[in-house]
Amino acid sequence: MLSTYIDLALGLILLFLLLSLLVSGLNEAVVRMLSIRSKFLWAYLRDTLDGSDAQGKSWLPSRIREVFGSLPFLRDPRPAHDSRPAPSESPEMPAQEDKAQDAMTVLLYERVREIDHPKRGRTSIADLPPERFSVAMMEMAAREPGGVEGLLEKLKAMNSPLYGHLKGVWETAQRDLDRFRQGVEGWFDSEMQRLSMLYRRYVKWVVAALALAVTLLFTMDGLEYTKTLLRDNGFRASVTAVASAPGAYDELKARCAQADPVPCITETLSQPALLTMLDQGIVRIALPAEGDPSITWNGGAWWDRLTTPSHWPGFLLTYVALLFGAPFWWDLFRRLTGIRSRR
């Protein structure tokens with residue numbers, strides 16, 4: 001009896017792990033395809049350097065609908081890509097700024113564009129090292145007649161939100177250039193950490209939407225699957241046989257949950273026992289012992305399952321399980337099977 005419940009736990013963990021990896025893969029594909037990380041960074045930079053846009057709106061999303069609509073599709077905060085190297089000397093900052101100009105954003109991109117490569121005509125920079133940002137600020141200050149003081153006066157005249165931040169750093173550094181550079185570096189590093197936390201908070205909503213889509217597209221009823229594992233000894237044995245093979249899942253977390261998860265998920269799905277787990281989806285995949293794999297439309301049976309109220313509690317169980325994420329289920333799977341990550 002104890003072995004049966006261990007096999008049941010393995011089967012459930014494997015199911016939720018596989019679906020969570022699929023959610024992670026879809027999320028990573030969406031993020032890369034729409035350049036979300038780069039847009040998020042440059043939305044923050046525009047808000048910090050130049051303030052709100054011409055309509056008085058913040059570039060960073062403040063509501064959930066902006067996470068799904070404005071930032072990915074409607075408003076692209078990234079500068080246009082420029083393949084030329086940065087000029088030897090930063091141009092002088094304007095005394096006044098029109099909101100449509102975004103002068104500070106343009107000047108910053110000019111100083112860092114040597115680390116850039118194009119993506120559909122826009123910058124692809126998604127990570128700006130604090131050291132590079134502080135150097136860019138020093139290069140801009142060196143171009144002004146009054147040095148840092150002149151830079152601060154220009155920022156104040158332009159109504160740039162950056163003025164308050166740099167003014168505080170300059171006063172704290174007691175007008176020492178080296179300490180100022182280090183202060184700017186430390187301030188920007190802390191801002192990037194705060195931005196990463198904000199990014200993860202918004203990404204959770206995207207993951208929640210993808211988890212719901214995966215649950216419904218595969219009509220995965222967690223309660224029904226639990227009953228199948230308990231009653232069908234042959235199916236339970238085939239699933240746990242896959243789960244108990246250390247070679248099949250060695251370094252699964254590193255390969256699937258973090259870097260390029262789609263090929264890993266495809267490889268994992270090639271196991272017949274795991275295909276049976278996802279046999280109620282909108283499409284059905286068959287891997288015969290001989291011949292080519294086949295994909296058939298399963299829309300009728302899928303819709304019947306989706307509209308049957310008795311399945312809804314199982315759908316809810318699966319959805320809640322996917323919200324825990326692939327790292328959680330991987331850790332449980334690793335502990336139960338004894339798989340160890342390579343050092």
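Predicted model, so just to flag it, every value in this text is computed and none were measured.

Asks: Before we move on, could you go through the overall build of the chain and cite the residues and values that matter?
Replies: Helix and strand counts for the chain stand at 18 helices and 4 strands. Per-residue burial over the chain gives 45% buried out of 343 residues. Look at the contacts in the chain between residues 6 or more apart in sequence, and 70% of them connect residues 24 or more apart. For the chain, the accessible surface area stands at approximately 17,800 Å², while carbon and sulfur atoms represent 58% of it.

Asks: Any details on the nonpolar core? Residues and values, ideally.
Replies: Residues Leu-45, Met-104, Leu-108 and Leu-166 are the most contacted members of the largest nonpolar core, which totals 79 residues. In this structure, Leu-108 is in contact with Leu-45, Leu-49, Leu-128, Phe-133, Ala-136, Met-137 and Met-140, ignoring residues within four places of it in sequence.

Asks: Tell me what's going on with empty space enclosed by the protein, and back it up with residues and numbers.
Replies: Scanning the model with the defined rule gives 1 cavity of 30 Å³ or more in all. Along its surface, the largest cavity is lined by Trp-59, Leu-60, Pro-61, Glu-66, Ser-70, Leu-71 and Arg-75. Of the residues contributing to the lining of the largest cavity, the split by class is 4 nonpolar, 1 polar and 2 charged.

Asks: Explain the environment of Pro-91 to me, using residue names and the numbers behind them.
Replies: Mapped onto the elements of the fold, Pro-91 is located in the loop between helix H4 (70-74) and helix H5 (103-112). When the C-alpha atoms of Pro-91 and Leu-107 are compared, they prove to be 7.8 Å apart, with 16 residues separating the residues in sequence. When residues no more than four places from it in sequence are discounted, the contact partners of Pro-91 are Leu-107, Glu-110 and Arg-143.

Rules behind the numbers
Residues numbered from 1 in each chain as written. Predicted model: local features only at pLDDT ≥ 70, side-chain atom pairs only at ≥ 80, totals over all residues. Heavy atoms only, no water. Helix = DSSP H or I, 4+ residues; strand = E, 2+ residues; numbered from the N terminus. Buried < 20%, exposed > 50% of the residue type's maximum accessible area, 1.4 Å probe, protein only. Contact = heavy atoms within 4.5 Å. Areas by Shrake-Rupley, 256 points an atom, 1.4 Å probe, with all protein chains shown as cover. Core = buried A, V, L, I, M, F, W, Y, C linked by side-chain atoms within 4.5 Å. 1 Å grid on protein atoms, 1.4 Å probe; cavity = no way out; pocket = protein on both sides within 12 Å on 5 of 7 lines; lining within 4 Å. Points joined across faces, edges and corners; volume = space filled by probe spheres on them. Nonpolar A, V, L, I, M, F, W, Y, C, P; charged D, E, K, R; others polar.

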